[in-house]
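Close look at the chain arrangement
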Amino acid sequence: DVKVTQSSRYLVKRTGEKVFLECVQDMDHENMFWYRQDPGLGLRLIYFSYDVKMKEKGDIPEGYSVSREKKERFSLILESASTNQTSMYLCASRTGGIRGELFFGEGSRLTVL
Amino acid sequence: LAKTTQPISMDSYEGQEVNITCSHNNIATNDYITWYQQFPSQGPRFIIQGYKTKVTNEVASLFIPADRKSSTLSLPRVSLSDTAVYYCLVSAPSTGFQKLVFGTGTRLLVSP
């Protein structure tokens, strides 16, 4: 079974703190994604990566950065957390190409005080 | 990038067939249509994918008309455990890479 593991299920941080959300997949997938999910807004794409050290902005990249130093690991970074970044963050991976399903982690619920 | 539009919510009863329609008017020639299901406190999971006409698997059917501007997810004989949010997704190849964008989804509530 494909497994996508997010390092923390729940985090509480203070405004201005630097936050790292880690995601690891074990199926050698080329593509990895970070989404955030908020009530009434569905899933919104923050960043995605199609190869090591390669990244593309999604629809809401402002306030976030990402890192992909190894194929299996994709990190989301909040340089200076703000209260409007309180959300559920979901990582996903999939194989390259036009088809193929997304495999999601269980999510990381971040609260910024 | 093809934008998708779905009903915000739907209600049904156990044993009924449920059809959820997704509109994607500006779908591109090479785009595929994929549906995901999400339960509370979990990430979405794949249900079904198609390009045209009809696709069926063990849990659902997907109907896509010839113009491909919409698609319908059909869930036969729903049960309480089918209560979830359902997302329609249109893949958007761009320079060979995949930017996968979800819409707001349809919240399905199945009652006894």
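Further up the page is the structure itself.
A brief report on the enclosed structure follows.

Criteria and thresholds
Per chain, the residues get numbers from 1 upward, laid out in the order the sequence is written. Working convention: letters from A go to chains and numbers from 1 go to ligands, in the order in which they are written. Predicted model: local features are reported for residues with pLDDT of at least 70 only, side-chain atom pairs are reported and counted for 80 or more only, and whole-chain, interface and lining totals are derived from all residues. Hydrogens and water molecules were not included; the side-chain quantities draw on all heavy atoms of the structure. A helix here means a DSSP run of H or I that spans at least four residues, while a strand means a run of E at least two residues long, and both kinds are numbered starting from the N terminus. For the radius of gyration, the atom set is restricted to C-alpha positions; the globular benchmark scales as 2.2 Å times the number of residues to the power 0.38. Relative accessible area decides the class of each residue, using a 1.4 Å probe on protein chains only: under 20% of the type maximum gives buried, over 50% gives exposed, and in between gives partly exposed. Two residues form a contact once any of their heavy atoms are found within 4.5 Å. Calculation of accessible area relied on Shrake-Rupley with a 1.4 Å probe; when residues are assessed, cover is drawn exclusively from the protein chains displayed. Think of it this way: Lys and Arg go in the positive column, Asp and Glu in the negative one, and His and the chain ends go nowhere. Charge coordinates come from a single atom per side chain, which is NZ of Lys, CZ of Arg, CG of Asp or CD of Glu. Definition of nonpolar core: a set of buried residues of the types Ala, Val, Leu, Ile, Met, Phe, Trp, Tyr and Cys, connected through side-chain atoms within 4.5 Å. In short, buried area is how much 1.4 Å probe accessible area vanishes from two parts on joining, totalled over both. Within this document, salt bridges are pairs made up of a side-chain nitrogen of Lys or Arg and a carboxyl oxygen of Asp or Glu, the two lying within 4 Å of each other. N or O atoms within 3.5 Å of each other form a polar contact, as long as, within protein, one can give a hydrogen and the other can take it, and as long as residues adjacent in sequence are counted only when both atoms are side-chain atoms. Under the scheme applied here, ten amino acids are nonpolar (Ala, Val, Leu, Ile, Met, Phe, Trp, Tyr, Cys and Pro), four are charged (Asp, Glu, Lys and Arg), and all others, including Gly, are polar. Cysteine sulfur atoms are paired as a disulfide whenever they come within 2.5 Å of each other. Pairing of aromatic side chains here covers Phe, Tyr and the six-membered ring of Trp, requires ring centres within 6.5 Å, and sorts the geometry by plane angle: under 30 degrees stacked, over 60 edge-to-face, intermediate tilted.

Describing the overall build of chain A
A count of helices and strands for chain A gives zero helices and 11 strands. Taken over C-alpha atoms, the radius of gyration comes to 13 Å for chain A, in line with the 13 Å a tight globule of 113 residues would show. Referenced to the eigenvectors of the C-alpha coordinate spread, the extents of chain A come out at roughly 40 × 30 × 25 Å. Considering chain A as a whole, with its 113 residues, one finds that 47% of them fall into the buried category. By sequence separation, contacts in chain A at least 24 residues apart represent 54% of the contacts at least 6 residues apart. Put simply, chain A shows about 5,500 Å² of open surface, and 49% of that area lies on carbon and sulfur atoms. Of the side chains in chain A, 17 bear a positive and 16 a negative charge, and the two mean positions are spaced by 4 Å.

Describing the nonpolar core
Residue and element names in this part refer to chain B. In terms of nonpolar packing, the biggest core is built from 21 residues, with I33, W35, I47, L73, L75 and Y86 touching the most fellow members. Of all elements in the fold, only strand 2 (18–23), strand 3 (33–38), strand 4 (45–50), strand 6 (61–64), strand 7 (70–75), strand 8 (84–90) and strand 12 (106–111) reach the threshold of two or more residues within this core. The element best represented in this core is strand 8, accounting for four residues.

Some thoughts on the interface of chain A and chain B
With 26 residues of chain A in contact, the opposing surface of chain B contributes 21 residues. Together chain A and chain B conceal approximately 1,900 Å² of surface at their shared face, both sides included; 59% is due to carbon and sulfur atoms. Here chain A is connected to chain B by zero salt bridges. Summed over the shared surface of chain A and chain B, the number is three residue pairs in polar contact (both at pLDDT 80 or more). Class assignment for the residues of the side of chain A that touches chain B results in 11 nonpolar, eight polar and seven charged.

Some thoughts on the state of the cysteines
Enumeration over the complete set of coordinates arrives at two disulfides over all chains. What pairs with A:C23 in a disulfide is A:C91, and their sulfur atoms sit 1.9 Å apart. Its S-S torsion of about -80 degrees marks the bond between A:C23 and A:C91 as left-handed, since a negative value means left-handed. Separated by 68 residues along the polypeptide, A:C23 in strand 3 (residues 19–25) and A:C91 in strand 9 (residues 87–94) bring together distant segments of the chain. Judged by relative accessible area, which is 0%, A:C91 ranks as buried. Linked covalently through their sulfurs, B:C22 and B:C88 form a disulfide whose S-S length is 2.2 Å. When the S-S torsion is -80 degrees, as for the bridge of B:C22 with B:C88, the disulfide is left-handed. Taken together, the residues span a long stretch of sequence, with B:C22 in strand 2 and B:C88 in strand 8 at a distance of 66 residues.

Notes on the packing of aromatic side chains
All names here are of chain A. For the structure on display, the rule yields 11 aromatic pairs over all chains. When the centroid spacing of 6.2 Å and the interplanar angle of 20 degrees are considered together, the rings of F33 and Y35 count as stacked. Residue classification places F33 among the buried positions, given a relative accessible area of 0%. The interplanar angle of 40 degrees and the centroid separation of 5.8 Å between the aromatic rings of Y35 and F104 together place this pair among those described as tilted.

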